[in-house]
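# Reading the structure
Each chain is listed here by its residues.
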Amino acid sequence: MDPVTEHRAPEPLTEYAQRLIHKVRAFDRRRPLLWDLHFTGFWVTAALIDYAGGGWRHNAHSLDVPGWLLLTLSLGLSAPLLWRRTHPGAVLAAMVPFALVNAWTGAALQAALLQLVLIYHLALRRPLRDLWWATALVIAPVLVSAVRHGEGTWHQQIGSHLMSITVAALIGVTVRTRRNYTEALEDRARRLETERDQQAQLATAAERARIAREMHDIIGHNLSVITGLADGGRYAAAKSPERAAQALDAIATTSRQALTELRRLLDVLREEEKRQADLTPQPGLTDLDQLLDGVRAAGLPVSTTIHGSPTLPTGRQLTVYRVVQEALTNVLKHGGPHATAEIELSYEEMAAVTVTITDTGSGNGNGNGNGNGSDGNSRDGRGLPGMRERTALYGGTLEAGPRPHPEQGWRVRLHLPEEAPQ
């Protein structure tokens, strides 16, 4: 089947009918009394016309019924319809005495058939078990008429009325089922919309947390480099103005890089809905050399040892980069003036990787000791937790702590296991 034919849009007439029905239902929900008055007025008028015009005589079993009684019966079998939607059971019970008198006197007014409207509303709004007693109330006048006047066979009279009651009840049940189904669909649509909004909020919160980690890494690392360069330039200014000028150039370069990355991150925050994927900085393994050059320029000697060839996806590369950056930043902060660092990267199959960053800091610099302090938690709260969050994304492990005595310094070890096959 042609997909265009299969998902064909509704015909204009169907759309017009649907809009019209929707407007009528919306109007009825806003002003139910107005519709009830019109509906009741129509049937009251029809009952009075049947009485005044003498149409009732064609079906009557007796023509000797007083006029005042006919008028009373006509109103009693039609006027209560005003409350049919709010109290269908009570209205039916109120109409039964008039229906019994109508059957006993032989007037046989057609207004008695309006009891079927109550059967419909009972099936639409009340428990279905109420239809049993309602059917008994509607059939009672038929039995009275059969006993009193004896026209026709019992099974014909009762059978025809039972058929009418069944049709009215089935229409009510059908409308009720469709209404419940529509309400269930609307409720499901509302819940799905709420879940969608919640998912969007969770995604936004996760994105902002990721951006916060990125900002911490950028600001912490670059400020540490700038601080190291400024200290070195201050000491070199008196003895070697050329070295001081080189330090100032390095500070300017590092500052510009930090500002560029921060602007890109802030653009992501300002234009979350319009941003492109390439606005978010995603450093990888190819950026490690630039990172190490900046650290060495800040006065921290760093050596690297690499085993295997890197074949890591972009996300794992970012994790490795940020962990190395965070570890070297802490050495710059807390390692002291004579600290050195060593990085060992071991690449394995299936994107597995192990990274070990070891430093020889004495803990005598500005800060609370080498690495991360005596308990590993002396930083601002986003260093180690941020590294562990990144590691947990890939089911890896992160170990950070002082090197065993008598060695000085700090050791950070990251291991990301093999990537599960897709």
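Presented here is a report on the structure given in the accompanying data block. (Residues numbered from 1 in each chain as written. Predicted model: local features only at pLDDT ≥ 70, side-chain atom pairs only at ≥ 80, totals over all residues. Heavy atoms only, no water.)

### Let's talk about the packing of aromatic side chains
- Scanning the model with the defined rule gives three aromatic pairs in all.
- Each ring, one from Trp35 and one from Phe39, has its centre 6.3 Å from the other, and the planes form 45°; the classification is tilted. Here Phe39 and Trp35 lie together in helix H3 (residues 32-52), a separation of four residues that amounts to about one turn.
- Ring plane angle 80° and centroid distance 5.0 Å describe the contact between Phe42 and Trp43, whose orientation is recorded as edge-to-face.
- Overall, the relative accessible area of 30% leaves Trp43 in the partly exposed class.
- Aromatic rings pair up to connect Trp35, Phe39, Phe42 and Trp43 into one cluster.
- Over the ring of Phe39 we find Arg84, and its NZ or CZ is 4.1 Å from the ring centre. (Phe/Tyr/Trp six-rings, centres within 6.5 Å; stacked < 30°, edge-to-face > 60°. Helix = DSSP H or I, 4+ residues; strand = E, 2+ residues; numbered from the N terminus. Buried < 20%, exposed > 50% of the residue type's maximum accessible area, 1.4 Å probe, protein only. Lys NZ or Arg CZ within 6 Å of the ring centre and 35° of its normal.)

### Concerning the pattern of salt bridges
- Evaluation of the coordinates by the stated rule reveals eight salt bridges.
- Notably, a salt bridge pairs Asp36 with Arg85, separated by 2.9 Å at the nearest N-O pair. Linking Asp36 in helix H3 with Arg85 in the loop between helix H4 (67-76) and helix H5 (88-105), this pair joins segments that are 49 residues apart in sequence. Here Asp36 and Arg85 have matching classes, each one buried.
- With a shortest N-O distance of 3.5 Å, Arg296 and Asp293 are connected by a salt bridge. Residue Arg296 and its partner Asp293 are located together in helix H10 (residues 288-297), separated by three residues, close to a single helical turn.
- Because the salt bridges share partners, they merge into one network encompassing Asp36, Arg84 and Arg85. (Salt bridge = Lys/Arg side-chain N within 4 Å of Asp/Glu carboxyl O.)

### As for the sheet that holds strand E5 (residues 410-416)
- Here five strands make up an open sheet; going across it, the order is E1-E2-E3-E5-E4 and the pairing mixed. Lying at the two open borders of the sheet, with one neighbouring strand each, are strand E1 (302-307) and strand E4 (397-402). Ignoring which end each strand starts from, the neighbouring axes of this sheet average 10° apart.
- Here six bridges tie E1 to strand E2 (residues 341-347), and the two strands are oriented parallel to one another. Pairing of Thr304 across the sheet is with Ile343, part of E2.
- Here H10 sits on the sheet in contact with E1 and E2, set at roughly 155° to E1.
- Across the face of the sheet, helix H11 (residues 314-334) comes into contact with E1, E2, strand E3 (353-359), E4 and E5 while running at roughly 10° to E3. (Pairing = 2+ DSSP bridges. Axes fitted to C-alpha atoms, helices over the stretch in contact; angles between N-to-C directions. Contact = heavy atoms within 4.5 Å.)

These figures capture arrangement, not role.
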